[in-house]
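# Examining the three-dimensional arrangement
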Amino acid sequence: MTQISYGLFSELLLVRIHGRAEAYLQASSAERLALVAACRGEATVPDLAQRILSRTIYAQASSRIGPLRELLQNALDASPPGARIDVRSSEDGREISVTDQGRGMSRTELLADLLVPFRSGKAGEPDAIGEHGIGFFSVLEIAPWIEVVTATPSGGHRLLVAPLGGGPPYEDFSWTLLSLPRPPPAPYADGARAGAPARRVDERASEPPRRPTTGTSVRLSLAQPISRPALAAEVTAAVGLVDATVARIYVDGALVNTARGRLRRAAEVPLRLPPSGELCGAVELLVGRGDGIEPQLTITQKGLTVTTRIDPFPGPELGLHRELARAITAAGFGLVAELPLGVPLNKGRSAVAATASTAVEAALVAAFERFVLRDALYDRELLRAVDHRLSSVLDRLLHAALLGESITIASAQAVDELDPVARTPTVAAPEQVIRFASGLLDAPLFRSIVVDSGQRPSGAALSPLGQVHYRSAPLTLRELLQAHRTGALRPLEAAPSLSSSQVRSTVRWPLGASGPGPEAAGVRSGDLVYLALDEPLAQAFWRRLASEGAASQPLQAAAGAPPRAPGAAPCPMPRTSREALLKTAIDVPGVRAVAAAMTIIERLDAVISESADLPASPIWVHQDLYGPDEMAHTDGSGISVNLASARVRALLTAVLLRDDAVAFTALADLLLHEKTHVSLASYVPRPTAEHGTSFYRRKDWMRRRLLAAIASGAVADPMRWLAVARRGLASAALPAPSELSQAFLAAAAAA
């Protein structure tokens with residue numbers, strides 16, 4: 001005899017709140033009514049259960065993908081590895097069914113776990129994805145009529161859910177539970193009749209599944225119909241990255257989770273969650289391209305999509321990361337970050353919970369850095385797809401290195417050893433960017449042949465004679481620049497022809513190999529370096545040397561900038577006002593020229609500020625403390641000039657020597673750039689204030705306001721102040737960075 005039970009969702013929640021759930025499940029219909037009446041009499045808020053249900057149902061999902069993901073997540077948790085999960089739709093698009101071959105649900109699990117919010121029968125299961133016990137309720141928002149048919153080894157049940165009242169949103173939902181007899185097993189496992197020829201697996205895969213001995217089928221009656229292509233797209237967006245070894249997911253007979261096989265693991269970073277710091281697993285970064293892999297960063301957990309990011313690294317401190325990620329995704333590659341199951345998500349499973357977000361973001365950054373430094377820069381396929389974009393990103397680093405500017409700071413260490421507490425906060429060039437840039441310049445990217453200095457006869461620097469000892473070496477950008485500055489860098493096609501009789505000891509180096517061999521060594525003083533030009537980055541590097549006029553001779557430093565010795569440490573000087581500069585370093589030659597230059601910049605800032613209705617900014621000078629940037633907006637109001645920058649020194653020297661309109665215009669553009677940052681910092685969130693569309697619109701507006709004000713006579717042309725600033729100035733030579741640094745170090749020691 002079929003057993004039938006019925007009731008309301010709010011009643012199940014109410015008796016659970018009052019601790020009478022077990023008695024309710026075991027009671028008869030009349031007894032259940034009495035229990036519910038007693039609980040309502042005790043309740044201080046009569047409609048509390050209805051309020052909880054309404055907010056649980058209608059406050060989770062922002063699209064139809066969320067509820068579909070929840071159903072498929074439940075099917076994944078219930079299914080054995082590699083099982084089949086079927087999603088099917090009716091021709092009119094008003095019904096969807098999700099069928100798994102899992103363990104099924106008993107009567108108690110249906111009423112005590114599935115239909116009661118914040119109750120989950122998956123507690124204690126380490127591989128289960130669900131954790132909140134509210135996923136099923138999100139389905140009611142898109143499908144208020146639901147039928148659940150489930151079978152366990154001991155029997156089966158049919159659950160019917162229907163809305164009450166006018167809606168949506170509905171005031172409550174009714175449930176009706178019927179017991180079903182256990183279905184007899186199929187006589188043949190593959191569905192074939194005795195004596196019939198066996199069919200191929202791909203023929204059977206497209207057929208609707210037979211009802212399994214155990215499993216669950218959820219049939220939804222949608223409030224709004226959905227087309228089959230749209231259903232396939234939404235299911236793929238939710239579960240398209242699930243590993244096929246975990247489950248094979250079909251939508252109307254077509255397998256949709258095939259993308260995982262086109263991804264490869266690129267990096268892995270252990271993840272510790274606050275506040276305990278306990279290790280909860282590792283964040284895996286996967287990369288690939290092809291059908292089903294979108295060119296973006298997709299964050300997943302057990303293959304289920306959590307969120308997607310077109311711009312994976314927002315914020316100014318990750319500008320270099322962002323540009324490299326854009327170059328990679330623009331070439332069609334997708335990045336997938338797989339979170340361990342220990343990472344908590346929000347109730348709608350659309351983002352990482354706030355308690356873990358900081359740790360996850362740091363792990364994503366570290367994983368991307370490891371991918372770039374240890375994998376991407378050696379992947380020939382990826383490099384050939386993104387080389388022109390990647391070259392443009394690295395171009396500024398190369399330009400700074402060619403000019404002898406330092407792109408490292410004293411506290412920069414390896415990625416794994418950097419102490420976050422010890423970071424120096426900056427705005428113009430945050431330490432994360434400098435550290436990552438340093439890693440790029442120190443990565444052994446360029447395959448080369450090094451001719452040992454000890455084996456070259458005297459006077460044969462360009463054409464070795466006799467027996468020659470050469471070796472293969474993967475060199476870094478720093479090493480190549482050092483060889484270039486000493487005149488020892490050559491393209492490989494200019495290498496001398498070496499016969500077997502001339503070679504005494506060599507290391508084999510196949511030019512078609514994917515990367516350098518383990519025998520590689522660095523470059524010693526006096527060695528000749530022959531750079532292989534068969535790789536995109538090497539070609540871009542050599543083109544840049546040629547464009548700088550540096551392929552045949554070392555590039556000379558800009559005017560007034562004394563060259564630094566290779567590998568020399570930076571010459572730091574704190575942010576300093578003109579008064580402090582004259583007081584501390586008055587005896588250093590060239591300090592008065594710096595004071596005159598600051599007067600020129602102050603007048604230029606005053607004109608820009610007046611034309612744009614902004615307050616004037618204090619002007620300071622510094623050295624090396626903000627990386628290679630020529631200027632820095634230090635605290636949202638002030639602007640500091642980097643006296644160690646070769647470009648700034650050249651511009652200041654030119655305007656101090658003569659009325660150089662080109663140099664003055666370049667100086668004005670640098671100041672406009674930082675003034676735009678200052679103007680945006682007061683009312684635009686910091687990530688938005690960095691170099692986005694709004695930033696460049698603002699900068700262009702300020703430039704046009706300045707030109708219009710000068711043309712109308714509203715402000716005086718700041719170039720007229722050049723002659724005033726030069727009065728009494730004996731020399732335009734600026735002080736050496738090392739001498740300024742020593743003066744401030746001595747003053748600090750004396751204090």
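Attention here is on the structure that accompanies the text. Predicted model, so just to flag it, every value in this text is computed and none were measured.

### Considerations on the nonpolar core
- Within the largest apolar cluster, 60 residues are counted, with the highest numbers of intra-cluster contacts made by Phe-368, Phe-371, Phe-446, Leu-489 and Phe-541.
- Here this core gets twelve residues from one element, more than from any other, and that element is helix α11 (residues 354-374).
- Among the nonpolar cores identified, the runner-up in size contains 57 residues, and Leu-14, Leu-140, Ile-146 and Val-256 belong to it.

### Quick notes on the sheet that holds strand β23 (residues 631-633)
- Taking strand neighbours across the sheet as the criterion, the four strands line up as β20-β21-β24-β23 in an open arrangement whose pairing is mixed. Every interior strand has two partners, whereas the edge strands, β20 (573-576) and β23, have only one. Averaged over all neighbouring strand pairs, the angle between strand axes comes to 20 degrees, with direction disregarded.
- Here strand β21 (residues 619-623) runs beside strand β24 (residues 639-642); their pairing, made up of four bridges, is parallel. Note that in β24 the partner of His-622 across the bridge is Asn-642.

### Topic: the sheet that holds strand β10 (residues 264-273)
- Across the sheet, which stays open at both edges, the five strands sit in the order β10-β11-β14-β12-β13 with mixed pairing between neighbours. In this open sheet, the two edge strands, each paired with only one partner strand, are β10 and β13 (304-309). Between one strand and the next, the sheet's axes are offset by a mean angle of 25 degrees, whatever the strand orientation.
- Bridge analysis of strand β12 (residues 297-301) against β13 gives five bridges, and the strand direction is antiparallel. When the bridges of β13 are listed, Leu-297 appears paired with Arg-309.
- Sheet strands touched by α11: β10, β11 (278-288), β12, β13 and β14 (334-339). Its angle to β10, the strand with the most contacts, is close to 150 degrees.

### Some points on the packing of aromatic side chains
- Inspection of every chain in the model, using the stated rule, returns five aromatic pairs.
- For the pair Phe-9 and Phe-137, a centre-to-centre distance of 5.9 Å together with 75 degrees between the ring planes defines the contact as edge-to-face. Of the two residues, Phe-9 sits in helix α1 (residues 9-17) while Phe-137 sits in helix α7 (residues 135-139), which places them 128 residues apart along the sequence.
- Its relative accessible area of 0% is what places Phe-9 among the buried residues.
- Ring centres of Phe-313 and Phe-368 lie 4.9 Å apart, and the angle between their planes is 50 degrees; this geometry places the pair in the tilted category.

### Concerning the packing of helix α17 (residues 591-611) against helix α18 (residues 646-657)
- Where α17 contacts α18, the axes come no closer than 10 Å and their chain directions differ by 90 degrees. Classed by the angle they form, the pair α17 and α18 counts as roughly perpendicular. Residue-level inspection shows Ala-593, Ala-596, Ala-597, Ile-600 and Ile-601 of α17 in contact with α18, the latter providing Leu-652, Val-655 and Leu-656.
- Residues of the contact of α17 with α18, tallied by class, amount to eight nonpolar, no polar and no charged.

Calculation criteria
Residues numbered from 1 in each chain as written. Predicted model: local features only at pLDDT ≥ 70, side-chain atom pairs only at ≥ 80, totals over all residues. Heavy atoms only, no water. Core = buried A, V, L, I, M, F, W, Y, C linked by side-chain atoms within 4.5 Å. Buried < 20%, exposed > 50% of the residue type's maximum accessible area, 1.4 Å probe, protein only. Helix = DSSP H or I, 4+ residues; strand = E, 2+ residues; numbered from the N terminus. Pairing = 2+ DSSP bridges. Axes fitted to C-alpha atoms, helices over the stretch in contact; angles between N-to-C directions. Contact = heavy atoms within 4.5 Å. Phe/Tyr/Trp six-rings, centres within 6.5 Å; stacked < 30°, edge-to-face > 60°. Parallel < 35°, antiparallel > 145°, perpendicular 65-115°, else oblique. Nonpolar A, V, L, I, M, F, W, Y, C, P; charged D, E, K, R; others polar.

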